[in-house]
Amino acid sequence: MPVSVQTFGTIAEANRALSAGRGAHYMGGGTTLMRAINEANPDVETLIRVTDPQLSQVRLEGSAVRIGAHVTMREIARSRELAFLAPVARVIGGPQVRSAATAAGNLFAEQPYGDFAGALLACGAQVELGDGRRTSVEDVLRSPPRSIVEAILVTPPADGLAFKKITRVKPKGVSLMSISAVVPRRGGRVDNPRIVFNGMADKPARSNGAERALAGHPLSAETIARAAAAAADGFTPRDDSHASGWYRREVAGVHLSRLLSELI
Ligand SMILES: Cc1cc2nc3c(=O)[nH]c(=O)nc-3n(C[C@H](O)[C@H](O)[C@H](O)COP(=O)(O)OP(=O)(O)OC[C@H]3O[C@@H](n4cnc5c(N)ncnc54)[C@H](O)[C@@H]3O)c2cc1C
């Protein structure tokens, strides 16, 4: 079936076109949507695009960095303002994928993709929607909005973002899982940690067990061991060609422990 492409100058026009038909999809870099078209997926009838150059901009907004929806992984990896996210962007696909894959597209990527979205979730990032609303990455992951995403707002974590991608094929293999951790410390104790796994659920998700084990304690070998033991609590990861769900549960704590040990 032929696929039509509709290009608009503004998000408002594109949002109207999107709501007109079930087969209409917004296209960012197209790294996953073009695959669906090549596989003749009948759900994709129309591709909606927006040419507004503001969607490709990175700029400071107060203490936050505003990442336009179309900013690519390649641009993020090279951005001074987004240096804390560069280690994440650098390991998404190979060079061709990184030069097209967008920040907003990663929020909707199907598992095992979503490494960048996981890092944004760990940083507590916000999402600006084209219909004027602002919401959290958590909400967008839980319930994809009807509107196009216009930008992502993220404040660089004062104590840094720790990230680890576990893959069988290096350097650009698909994630078996990835872990993003923001572990702030106040008065020598962990305060409000955010530990996110990608690859352990149908979307990137916080590990409540690990966060509870860390909060209020010094970041010591004992605390890390407790966090590692609780890392997979509440997760039922799926089996796929990269690993079984059982294996993912077994190794989640091991990799979290390695990541957190580097922060002591
Ligand atoms: C070979 C290969 C390797 C990959 N490796 C990785 C990897 O290591 N890690 C990883 O996380 N991902 C990986 N990906 C997946 C993908 O490239 C990324 O997730 C990318 O960020 C998706 O962005 P995109 O702009 O290409 O999305 P598209 O393919 O354009 O769109 C994906 C989905 O997002 C929606 N969407 C896109 N932009 C918007 C917007 N502004 N507002 C609302 N909805 C929107 C689309 O409608 C669609 O449903 C890989 C893909 C390929 C093909």
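Residues numbered from 1 in each chain as written. Predicted model: local features only at pLDDT ≥ 70, side-chain atom pairs only at ≥ 80, totals over all residues. Heavy atoms only, no water.

**Some words on the pattern of salt bridges**
Basically, it comes down to this: Between Lys or Arg on one side and Asp or Glu on the other, a salt bridge is scored when a side-chain nitrogen of the former is within 4 Å of a carboxyl oxygen of the latter. Helix numbers and strand numbers start at the N terminus; a helix is a DSSP run of H or I with at least 4 residues, a strand a run of E with at least 2. Type-normalised accessible area, obtained with a 1.4 Å probe on protein chains alone, sets the label of each residue: buried when under 20%, exposed when over 50%, and partly exposed for intermediate values.
Tallied over the full model, the rule gives 16 salt bridges. For the salt bridge of Arg 66 with Glu 128, the shortest nitrogen-to-oxygen distance reads 2.8 Å. One end of the pair, Arg 66, is in strand β5 (residues 64-68); the other, Glu 128, is in strand β6 (residues 126-129), with 62 residues separating them in the sequence. Judged by relative accessible area, which is 15%, Glu 128 ranks as buried. One connected set of salt bridges, linked through shared partners, spans Arg 59, Glu 61, Arg 66, Glu 128, Arg 134 and Glu 150.

**Focus on the pairing of strand β10 (residues 175-182)**
Within a regular beta strand, the side chains point alternately toward one face of the sheet and then the other, so they alternate between its two faces. The criterion, for reference: One requirement defines pairing of two strands: DSSP has to find at least two bridges between them.
When you tally the buried positions in β10, you get eight out of eight residues, the bulk of the element. With six bridges connecting them, strand β9 (residues 162-167) and β10 associate as antiparallel partners. Bridging across to β10, Thr 167 finds its partner in Ser 175. Pairing between β10 and strand β13 (residues 194-198): five bridges, direction antiparallel. Each residue of the ladder has a partner; that of Ser 178, found in β13, is Asn 198.

**With respect to the site of the ligand**
Defined as follows: Residues are classed as near a molecule or strand on a simple rule: at least one heavy atom within 4 Å of it. Whenever a nitrogen or oxygen atom comes within 3.5 Å of another N or O atom, the pair is scored as a polar contact, on the condition that within protein one atom can donate a hydrogen and the other can accept it, and that pairs from neighbouring residues in sequence are kept only if both atoms are in side chains. Surface exposure here means Shrake-Rupley accessible area, sampled with a 1.4 Å probe, where a residue is shielded only by the protein chains that are shown. The nonpolar class holds Ala, Val, Leu, Ile, Met, Phe, Trp, Tyr, Cys and Pro. Asp, Glu, Lys and Arg form the charged class, and all remaining residues, Gly among them, are polar. Domain start and end points were adopted from an automatic or database domain assignment.
Taken together, 27 residues lie near the ligand, and Tyr 26, Gly 29, Thr 31, Thr 32 and Thr 102 sit nearest. With respect to the ligand, the side chain of Thr 31 contributes an N or O atom lying 2.5 Å from an oxygen atom. One of the side-chain nitrogen or oxygen atoms of Asp 115 is found 2.8 Å away from a nitrogen atom of the ligand. Here the ligand has 980 Å² of accessible area as a free molecule, and 88% of this is covered by the chains. Per element, the largest residue contribution to the shell around the ligand is three residues, and it comes from helix α6 (residues 103-107). For the shell around the ligand, the residue count by class is 14 nonpolar, ten polar and three charged. Residues lining the shell around the ligand come from more than one domain, with at least three contributed by each of domain 1 (4-52) and domain 2 (54-154).

**Some details on the sheet that holds strand β1 (residues 4-8)**
Pairing between the strands of a sheet is mediated by backbone hydrogen bonds and can be parallel or antiparallel. Threshold: Comment: axis = line fitted to C-alpha atoms, over the contacting stretch for helices; angle = value between 0 and 180 degrees taken between N-to-C directions. Residue contacts follow a heavy-atom distance rule, with two residues in contact if any of their heavy atoms lie within 4.5 Å.
A sheet is described by the order of its strands in space; here three strands give the open sequence β1-β3-β2, paired in parallel fashion. Taken across any chain shown, the strands that pair with only one partner, and hence form the sheet edges, are β1 and β2 (24-26). Along the sheet, successive strands turn relative to each other by an average axial angle of 25°, direction set aside. Of the pairings in the sheet, the one linking β2 to strand β3 (residues 46-50) comprises three bridges and is parallel in character. What sits directly across from Tyr 26, in β3, is Ile 48. Helix α1 (residues 11-20) rests against β1, β2 and β3 of the sheet, and its axis sits at about 165° to β3.

**Topic: the domain arrangement of the protein chain**
Split by domain assignment, the protein chain resolves into domain 1 (4-52), domain 2 (54-154) and domain 3 (162-261). Between domain 1 and domain 3, the C-alpha centre-to-centre distance is 34 Å.

**A look at the packing of helix α10 (residues 221-230) against helix α11 (residues 245-261)**
Short version of the rule: Orientation labels follow simple angle bins: below 35 degrees gives roughly parallel, above 145 gives roughly antiparallel, 65 to 115 gives roughly perpendicular, and whatever is left gives oblique. By convention the crossing between two helices is left-handed if the near helix lies anticlockwise of the far one by an angle smaller than a right angle, and right-handed if it lies clockwise.
For the pair α10 and α11, the least separation of the axes is 8 Å and the interaxial angle reads 150°. Considering the angle they form, α10 stands roughly antiparallel to α11. α10 and α11 meet at a crossing whose hand is right-handed. Of the residues in α11, those in contact with Ile 224, Ala 227 and Ala 228 of α10 are Gly 253, Leu 256, Ser 257, Leu 260 and Ser 261.

**Re helix α7 (residues 115-122)**
A large share of α7 lies buried, amounting to eight of its eight residues. When α7 is considered as a whole, its buried residues turn out to be Asp 115, Phe 116, Ala 117, Gly 118, Ala 119, Leu 120, Leu 121 and Ala 122. Among the residues trailing α7, Gly 124 stands out with phi positive, at a value near 70°.

**With respect to the nonpolar core**
Selection criterion: For this analysis, a nonpolar core means a set of buried residues of the types Ala, Val, Leu, Ile, Met, Phe, Trp, Tyr and Cys, connected via side-chain atoms within 4.5 Å.
One finds Ile 76, Leu 85, Leu 107, Phe 116, Leu 120 and Val 154 to be the most contacted residues of the largest nonpolar core, which totals 47 residues. The element contributing the most residues to this core is α7, with six residues. Ignoring sequence-local partners within four residues, the contact set of Leu 107 consists of Ala 117, Leu 120, Val 127, Val 137, Val 140, Leu 141, Val 149, Ile 152 and Lys 203. Counting residues in hydrophobic clusters, the runner-up holds 27 residues, among them Phe 197, Leu 214, Phe 235 and Leu 259.

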